[in-house]
Amino acid sequence: MIAFRRPLIVVGTLLFSSALIVPAATANEIEEFYKDRTVSWRVGSSAGGNYALYARRLADAMSKYIPGNPKILPTFSARGGGRTEAAYVSNVGPRDGSMLGMTQQNVPIFFVLNPVGMKFDVSKWQWIGNAAKIGSVMAVMRSTGATSLKSLRKKRVIIGATGPTSETFMNPTLANYFLGTRFKIVTGYRGSGPLFKALMGGETSAVAISYVTFQTRFNSLVTENKIAFPFQVGLDAHPDLANVPVMWTLGKTKLDREAMKLVASSDRFGRSLWFPEGVPKARLQAFRDAFDKAVRDPVYIAQIKKALHPVNPVSGLEVEAAARELFATPQNVVNHTRKALNIKIRK
């Protein structure tokens, strides 16, 4: 039986991005721009998941720290595994600081793997910050009898997924290719709500999703011993799951492990806020400063703790550095991962 711990609270080590001192004239311009303005926040996830929780709470918390105190209005859509909203913010929306995005964590990874197939350029995003680094798990209903990697290699299990850029699809696909599991992946579910409705209704028997989802909305599956976690799919092990192996460490070769680790690095980008290319640097800095203050705000922290979610934010500068590292992934690792995910590059 897994004993849930208190949500992780780590705010003291956040690297401040507020190194830029904004001149008074610029600060006045920012206040004038944002006064009485509504900032649209397009979130590429469903309205009922943990992305929505962080977006709603941050929208309220950040508003009071931005000069002019604009209203920040999140809207939600999981279409295309988060790509639809990302494409809109990148290509259609205004580039003046009145629209920002948050996309599912695997979208930046998929951009590296298939830039030709994407309709936007993640490398041009301007990162504001990451609300929380959250690890994920492969979860299988115990009723299947396939609750270990060994049994998953023998028995076909139906697993639900959203779209091809999401962790719900990419992780079981990698498990099939590198670890020999036999997941039958069914796509088209629009967010965590429909995924869990299918899981609990018997339409599917497995899901690859954030562990915090089981700690909060669907903890009865764990406390009633109905679900098993054969392995974790993040970069690092979760404190609650010390005896559960991390998927990328199970690869047979170094290249296999590096390929799975590339996809696992998506947790560095999940729940991240970003502006599209072209937003003035001063307005980006205003949002970075507001983010840094908001994630330390006692009201915000209390709200997230009450919802049993972790508070371990990452600054915009740190997410920016992680993105540079991602875009420098060796080509042989990229090619190996493409092969595993059956990604064909159009010429």
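Thoughts on helix 14 (residues 331–341)
Along helix 14, the residues that are buried comprise Val 333, Val 334, His 336, Thr 337, Arg 338, Ala 340 and Leu 341. Those residues of helix 14 hidden inside the fold are in contact with helix 4 (107–113), helix 6 (167–179) and helix 10 (254–264). Positive backbone phi, approximately 55°, marks Asn 342, located one or two places after helix 14.

Looking at the packing of aromatic side chains
Taken as a whole and judged by the stated rule, the model has 13 aromatic pairs. Note on Phe 196 and Phe 218: the rings are 3.9 Å apart at their centroids and 5° apart in plane angle, and the pair reads as stacked. Residue Phe 196 is located in helix 7 (residues 192–201), and its partner Phe 218 is located in the loop between helix 8 (211–215) and helix 9 (220–223); the two are separated by 22 residues in the primary sequence. There is no split in this pair, since Phe 196 and Phe 218 are both buried. Where Tyr 211 meets Phe 229, the ring centres are 5.7 Å apart and the plane angle is 80°; that geometry is what we call edge-to-face. Here the residue Tyr 211 occupies a position in helix 8, and Phe 229 occupies one in strand 9 (residues 227–232), the gap between them amounting to 18 residues. Overall, the relative accessible area of 1% leaves Tyr 211 in the buried class. Under the relative-accessibility criterion, Phe 229 is labelled buried at 9%. Ring pairs connect the aromatic residues Phe 120, Trp 125, Trp 127, Phe 269 and Trp 274, which therefore count as one cluster. Above the plane of the ring of Phe 33 lies Arg 37, whose end atom (NZ or CZ) is 3.8 Å from the centre. When the ring centre of Tyr 88 is taken as origin, the NZ or CZ atom of Arg 42, which lies over that ring, is 4.0 Å away.

Cut-offs applied
- Residues numbered from 1 in each chain as written.
- Predicted model: local features only at pLDDT ≥ 70, side-chain atom pairs only at ≥ 80, totals over all residues.
- Heavy atoms only, no water.
- Buried < 20%, exposed > 50% of the residue type's maximum accessible area, 1.4 Å probe, protein only.
- Helix = DSSP H or I, 4+ residues; strand = E, 2+ residues; numbered from the N terminus.
- Contact = heavy atoms within 4.5 Å.
- Phe/Tyr/Trp six-rings, centres within 6.5 Å; stacked < 30°, edge-to-face > 60°.
- Lys NZ or Arg CZ within 6 Å of the ring centre and 35° of its normal.

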